[in-house]
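The residues making up each chain are set out below.
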Amino acid sequence: MFTCTGYAATAADARLAPFTFERRDPGPTDVQIDIHYCGVCHSDLHQARNEWRNTVFPCVPGHEIVGIVRAVGAEVTKYSAGDRVGVGCMVDSCRECPSCKAGLEQYCEPGARFTYNSPEADGKGHTFGGYSRQIVVDQDFVLRVPDSIDFAAAAPLLCAGVTTWSPLRRWKVGPGQKVGIVGLGGLGHMGVKFAVALGAEVTLFTTSESKVADGKRLGAHRVVISRDSAAMAAEADSFDFILDAVSANHDINAYLACLKLDGTLVQVGAPEDPLPVSVFGLLMKRRSFAGSLIGGIGETQEMLDFCGEHGITCDVEMIRMDEINEAYERMLKSDVKYRFVIDMATLPEAA
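Residues numbered from 1 in each chain as written. Predicted model: local features only at pLDDT ≥ 70, side-chain atom pairs only at ≥ 80, totals over all residues. Heavy atoms only, no water.

K.L.:
How should I be thinking about the layout of surface pockets in this particular structure?
P.N.:
Empty space left among the atoms is revealed by rolling a probe the size of a water molecule over them. Its boundaries defined by the atoms lining it, the second largest pocket holds a volume of some 460 Å³. Lining the second largest pocket are 21 residues; nearest its centre among them are Arg24, Glu120, Ala121, Thr127 and Val136. Elements supplying a minimum of two residues to the lining of the second largest pocket: strand S2 (17–23), strand S6 (90–92) and strand S8 (134–138). For the lining of the second largest pocket, the leading source of residues is S8, giving four residues. Looking at the lining of the second largest pocket residue by residue, the class counts come to seven nonpolar, four polar and ten charged. (1 Å grid on protein atoms, 1.4 Å probe; cavity = no way out; pocket = protein on both sides within 12 Å on 5 of 7 lines; lining within 4 Å. Points joined across faces, edges and corners; volume = space filled by probe spheres on them. Helix = DSSP H or I, 4+ residues; strand = E, 2+ residues; numbered from the N terminus. Nonpolar A, V, L, I, M, F, W, Y, C, P; charged D, E, K, R; others polar.)

Following this line, the structure appears as structure tokens:
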């Protein structure tokens with residue numbers, strides 16, 4: 001074991017603060033990574049404040065991690081010291097179930113081991129995430145970050161990026177399709193970038209007129225103000241695919257009505273309350289309403305490689321580690337364009 005420093009929540013009502021803990025030394029197939037940047041995901045806030053009622057304290061959040069390989073185990077073949085790498089939402093899975101064998105580790109049937117707040121493999125303690133100086137991860141759950149993209153702006157690709165990439169690829173979004181993206185936040189802005197790069201005709205749905213210009217800057221061909229009932233009515237029965245990235249409660253039926261025959265709406269935002277669905281809205285046009293969770297390791301690497309080829313990263317605002325509590329409050333107000341990233345060089349040497 002070696003001593004590591006980070007930032008942790010020690011209780012649901014506690015501010016995140018410096019924290020010292022132990023990480024395992026690299027085993028034969030492990031990669032030890034010096035963390036340079038870590039993105040801030042809304043799920044970090046949910047977990048730190050125990051809003052999902054499953055947090056194990058102390059909690060070190062962070063699953064949008066990029067850094068440089070410090071050392072590797074004797075059996076590691078994929079990475080070497082000095083490589084630019086990333087770690088996303090998972091650090092292990094059973095590897096034997098049908099989902100894992102299909103490269104869909106996020107749907108591991110016994111349950112994937114998440115980067116933080118999951119039981120450790122040895123049953124002793126729980127995982128600690130990327131708000132820390134270093135992390136040790138099995139090589140099969142480490143990603144290669146292309147040299148061609150900005151390192152800090154690549155960090156949120158490990159969650160926000162693959163969360164939107166996975167359904168766009170699963171439903172084969174591409175040229176000749178009319179695609180809608182609902183919401184322009186950390187997820188939605190990546191959905192716009194990816195759908196445009198994949199060749200679709202992209203419409204952004206937003207409740208805010210202030211986001212019209214930004215939506216077009218990010219590549220959206222059209223922007224529809226969803227509070228305008230006439231504008232929404234004009235979009236009826238016209239979309240092949242809609243990606244809904246909104247985590248607040250909202251009327252899902254307004255967007256289902258925009259789908260054409262056999263169109264699909266995929267939900268990646270996670271509203272706190274159930275979303276009532278009008279069944280007849282699905283029946284009459286044979287529409288589909290689906291969900292999607294992050295992405296497997298293979299498709300995450302595919303996404304990173306695509307980003308390297310097309311120069312795609314997240315729009316980020318850099319913060320110091322000691323600004324994380326204020327960043328959480330700003331995130332609740334949607335006061336970020338569009339993802340906070342922590343510069344881990346600002347982490348104190350010791351708690």
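And the narrative resumes.
K.L.:
Explain helix H10 (residues 297–310) to me, please; I cannot follow it from the model alone.
P.N.:
Turn by turn, an α-helix covers 3.6 residues, leaving residues three or four places apart pointing in a common direction. With 14 residues, H10 ought to run about 20 Å at 1.5 Å a step, and its terminal C-alpha atoms sit 20 Å apart, in line with that. All buried positions along H10 are accounted for by Ile297, Glu299, Thr300, Gln301, Met303, Leu304, Phe306, Cys307 and Gly308. Those residues of H10 hidden inside the fold are in contact with S6, strand S9 (143–144), helix H4 (160–170) and helix H5 (188–197). (Expected span 1.5 Å × (residues − 1). Buried < 20%, exposed > 50% of the residue type's maximum accessible area, 1.4 Å probe, protein only. Contact = heavy atoms within 4.5 Å.)

K.L.:
Would you mind going over the nonpolar core with me for this structure?
P.N.:
Proteins that are soluble and globular tend to have nonpolar side chains buried together. Judged by nonpolar contacts, the single largest core of 92 residues is most densely connected at Val40, Tyr131, Leu157, Phe194, Ile324 and Tyr328. Core analysis: the next-biggest nonpolar cluster, separate from the first, contains 15 residues, Phe205, Val224, Ile252 and Leu256 among them. (Core = buried A, V, L, I, M, F, W, Y, C linked by side-chain atoms within 4.5 Å.)

K.L.:
What is the right way to read the side chain of Glu105 from this model?
P.N.:
Tracing the backbone through its elements, the reader meets Glu105 in the loop between helix H2 (98–101) and strand S7 (113–114). Within the buried core, Glu105 has no salt-bridge partner, and the shortest N-O distance to an opposite charge, that of Arg95, equals 7.8 Å. If we skip the residues at most four places from it in the chain, Glu105 touches Met90, Ser93, Ser99, Cys100, Ala112, Phe141, Gly296 and Ile297. (Lys, Arg positive; Asp, Glu negative; His and termini not counted. Salt bridge = Lys/Arg side-chain N within 4 Å of Asp/Glu carboxyl O.)

K.L.:
Where do I start with empty space enclosed by the protein in this structure?
P.N.:
In the structure shown here, the tally under the stated rule is one cavity of 30 Å³ or more. The volume enclosed by the largest cavity comes to roughly 60 Å³. Forming the walls of the largest cavity are Gly88, Cys89, Met90, Leu143, Leu158, Val162, Ile294, Gly295, Ile297 and Thr300. Its residues placed into classes, the lining of the largest cavity shows seven nonpolar, three polar and no charged.

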